[in-house]
Amino acid sequence: MALIVHKYGGTSMGSTERIRNVAKRVAKWARAGHQMVVVPSAMSGETNRLLGLAKDLSPVQQTPAMLRELDMIACTGEQVSVGLLSLALQSEGMDAVSYNGWQVPVITDSSYTKARIQSIDDARVRADLAAGKVVVITGLQGIDEDKNVTTLGRGGSDTSAVAIAAAMKAAECLIYTDVDGVYTTDPRVVPEARRLHTVSFEEMLEMASLGSKVLQIRSVEFAGKYRVPLRVLSSFTPWDINIDEEAKSGTLITFEEDEKMEQAVVSGIAFNRDEAKVTVMGVPDKPGIAYQILGDVAEANIDVDVIIQNVSHDGKTDFSFTVHRNDFQRTMELLKTKVAPATGAATVLGDPKICKVSIVGIGMRSHVGVASKMFRTLSEEGINIQMITTSEIKTSVVIDEKYMELAVRALHKAFDLDADNSPVAENMS
Ligand code: ADP
Ligand code: ASP
Ligand code: MG
């Protein structure tokens, strides 16, 4: 008997019919003798709907007071889900109980809309499990020390599930979703994408941070820090498939490099359409200038990603960086009204229609020429590279958004990731 955490995403919880299926699957695991904790997301589209309502009433959500209310609104989607799933489990004859994050409690810091989990008190959940109950806990939600409701950000239910698994030392955390594992790239963009049987923790961390939304990055960080066995698999297989087969399906996140396995140079391709580029032109090239520009940006709580400073001409240089697209307007305003006058910059330019495409692979450590192959592939497609950034196991480029799909497909092919017969088509909803 093992303690297992299941997480079900929005599509998997998308209708009462699907919730009934989730309940049947969970009941199967419980009847096989496992102690079950289940973490569902809001029903598909629900979080968007709720945040859309908020946007109608307050289009510019900036102040902490406003962000607090966004969390108050967004977290209700998950409350409905736990109640429905618990009911469905009871209809299956299981003893089930649901909790909001604050009832566990899942304690977070107070950064509304992107709170971080600080601790989880598992006493109540353990008592329920010992009494033979299935425990259903909301994804996404937490509570800060002043008892304000918080959320962990979009995709945060993954993190709730892994954090609960870590706190309870679960034997495994299974992330059930609408594809049957982690693919070489998003199978919705490249139909030839292949499912990976295993992916190393480091690669998964890079892929998640570079835009592969199959796992929220913080869930991967938690899994790494606490060594939580983590698997991504499909919720769309028949609920009554053999449990041993199910337990081996999908993609396992591994923590040790498997020597036996042949290591591909590039394991996956990630892309991110959520960024925007800004350029401060004609700033004096002198010590402290990067700090002068980025210090103000950081103070405004705007995260910066790729940064480039050009060589200087006549003592002046251009400085470009990317920010989240939601922060684009605010960044432009800040640069124009504060940074440009203070630094003596000539112009501020902005381009929200960019995207970042990245190749990821542990094999890049031991191979040369990988980045240049990426650049050659893009040039053969006539795609102009605006910015480049590299680290040990990834290379990212910033390009015009309109070439994103072309770039991803071309790179997928160039790095031999294409499968002849991708199994994904039949799994897509
Ligand atoms: P859930 O609601 O279950 O959390 P998400 O939509 O958050 O599901 O994540 C699953 C989606 O992630 C898939 O439908 C797929 O389009 C997308 N995705 C992006 N990159 C990948 C990848 N490398 N492998 C698999 N899925 C990916
Ligand atoms: N329901 C939330 C969202 O849509 C959390 C999640 O699905 O993980 O972002
Ligand atoms: Mg998700």
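The structure displayed is predicted, hence computed values, not measured ones.

A. A look at the sheet that holds strand β16 (residues 316–324). With antiparallel pairing, the four strands of this open sheet are ordered in space as β15-β16-β14-β17. At either margin of the open sheet sits one strand with a lone partner, and together these are β15 (304–309) and β17 (347–351). The sheet shows a mean angle of 15° between the axes of neighbouring strands, direction not considered. By the bridge criterion, five bridges tie strand β14 (residues 275–284) to β17 in an arrangement that is antiparallel.

B. A look at the side chain of Ser160. You can see Ser160 is positioned in helix α6 (residues 156–167). Looking at Ser160, the relative accessible area reads 4%, which means it is buried. Here Leu140 takes part through its backbone nitrogen, which lies 2.8 Å from a polar atom of the side chain of Ser160. Sequence-distant contacts of Ser160, that is, excluding residues within four places in its chain, are made with Val39, Ile117, Thr138, Gly139, Leu140, Gln141 and Leu152.

C. Quick peek at the pairing of strand β9 (residues 172–177). Along β9, six of the six residues are buried, which leaves the element largely enclosed by surrounding structure. Alternating residues of β9 divide into Glu172, Leu174 and Tyr176 and Cys173, Ile175 and Thr177, and every residue in both groups is buried. Here five bridges tie strand β1 (residues 3–8) to β9, and the two strands are oriented parallel to one another. Pairing of Val5 across the sheet is with Cys173, part of β9.

D. Local environment of unusual backbone geometry. In this chain, Val104 is followed by Pro105 through a cis amide linkage whose omega measures -5°. Here Pro105 shows up in the loop between β3 (96–99) and β4 (106–108). The phi dihedral of Thr113 is positive, around 70°, even though this residue is not glycine. Its location among the elements puts Thr113 in the loop between β4 and β5 (117–120). Assessed through its relative accessible area of 27%, Thr113 is described here as partly exposed. Located in the positive-phi region is Lys169, a residue other than glycine, with phi close to 50°. Mapped onto the fold, Lys169 is located in the loop between α6 and β9. A relative accessible area of 72% means that Lys169 is categorised as exposed.

E. Geometry of the sheet that holds β3. Spatially, β3-β6-β2-β1-β9-β11-β12-β10 is the arrangement adopted by the eight strands of the open sheet, whose pairing is mixed. Edge positions in the open sheet fall to β3 and β10 (198–200), since each of these has one partner strand only. Shown here is a sheet whose adjacent strand axes are inclined to one another by a mean of 20°, direction ignored. Sheet strands touched by helix α5 (residues 123–130): β1, β2 (35–40), β3 and β6 (134–137). Its angle to β2, the strand with the most contacts, is close to 130°.

F. The arrangement of the site of ligand 1 in detail. The full set close to ligand 1 counts 17 residues, and Thr177, Asp178, Tyr183, Asp186 and Arg188 are the nearest of them. Here an oxygen atom of ligand 1 and a side-chain polar atom of Lys7 are 3.0 Å apart. Compared with its free state, where it exposes 570 Å², ligand 1 has 84% of that area covered by protein. Residue composition of the shell around ligand 1, by class: six nonpolar, six polar and five charged.

G. Structural context of the site of ligand 2. Taken together, Ser41, Ala42, Thr47, Glu78, Leu140, Arg154, Gly155, Gly156 and Ser157 make up the full set of residues near ligand 2. With respect to ligand 2, the side chain of Thr47 contributes an N or O atom lying 2.8 Å from a nitrogen atom. Between ligand 2 and Gly156, the relevant distance is 3.3 Å, taken from an oxygen atom to a main-chain nitrogen or oxygen of the residue. When the residues that make up the shell around ligand 2 are grouped by side-chain class, the tally is two nonpolar, five polar and two charged.

H. Broad picture of the packing of aromatic side chains. Scanning all chains against the criterion turns up four aromatic pairs. Ring geometry for Phe222 versus Tyr226: centroids 5.7 Å apart, planes at 25°, classification stacked. Of this pair, Phe222 and Tyr226 both sit in helix α8 (residues 217–226), four residues apart, roughly one helical turn. We classify Tyr226 as partly exposed; its relative accessible area is 44%. Ring centres 6.3 Å apart and planes at 65° place the aromatic pair Phe319 and Phe321 in the edge-to-face group. Each member of the pair, Phe319 as well as Phe321, carries the same accessibility label: buried.

I. The packing of α6 against α8, seen in detail. Two elements in contact, α6 and α8, have axes whose closest approach is 8 Å; the angle formed by their N-to-C orientations is 15°. Taken as axis vectors, α6 and α8 run roughly parallel relative to one another. The two elements α6 and α8 cross, and the hand of that crossing is left-handed. Counting all contacts with α6, which are made through Asp158, Thr159, Val162, Ala163 and Ala166, the residues of α8 involved are Arg218, Ser219, Phe222, Ala223 and Tyr226. Within the contact of α6 with α8, the residues separate by chemical class into six nonpolar, two polar and two charged.

J. Broad picture of the confidence of the model for the protein chain. The pLDDT averaged across the protein chain works out to 93; a share of 95% of its residues lies at or above 70. Across residues 421–429 the pLDDT falls below 50, and counting only partners more than four positions away or on other chains, this stretch makes 17 contacts in the model.

K. Up close: the environment of Glu78. One can find Glu78 in helix α4 (residues 76–91). In this structure, the C-alpha to C-alpha distance between Glu78 and Pro40, residues 38 residues apart in sequence, is 7.0 Å. Residues contacting Glu78, with those up to four places away along its chain left out, are Pro40, Ser41, Ala42, Thr47, Thr138, Gly139, Leu140, Gln141 and Ser157.

Rules behind the numbers
Residues numbered from 1 in each chain as written. Chains lettered and ligands numbered in written order. Predicted model: local features only at pLDDT ≥ 70, side-chain atom pairs only at ≥ 80, totals over all residues. Heavy atoms only, no water. Pairing = 2+ DSSP bridges. Helix = DSSP H or I, 4+ residues; strand = E, 2+ residues; numbered from the N terminus. Axes fitted to C-alpha atoms, helices over the stretch in contact; angles between N-to-C directions. Buried < 20%, exposed > 50% of the residue type's maximum accessible area, 1.4 Å probe, protein only. Polar contact = N/O pair within 3.5 Å; in protein donor to acceptor, adjacent residues only side chain to side chain. Contact = heavy atoms within 4.5 Å. Near = heavy atom within 4 Å. Areas by Shrake-Rupley, 256 points an atom, 1.4 Å probe, with all protein chains shown as cover. Nonpolar A, V, L, I, M, F, W, Y, C, P; charged D, E, K, R; others polar. Phe/Tyr/Trp six-rings, centres within 6.5 Å; stacked < 30°, edge-to-face > 60°. Parallel < 35°, antiparallel > 145°, perpendicular 65-115°, else oblique. Left-handed = near helix turned anticlockwise from the far one by under 90°. pLDDT = per-residue confidence, 0-100.

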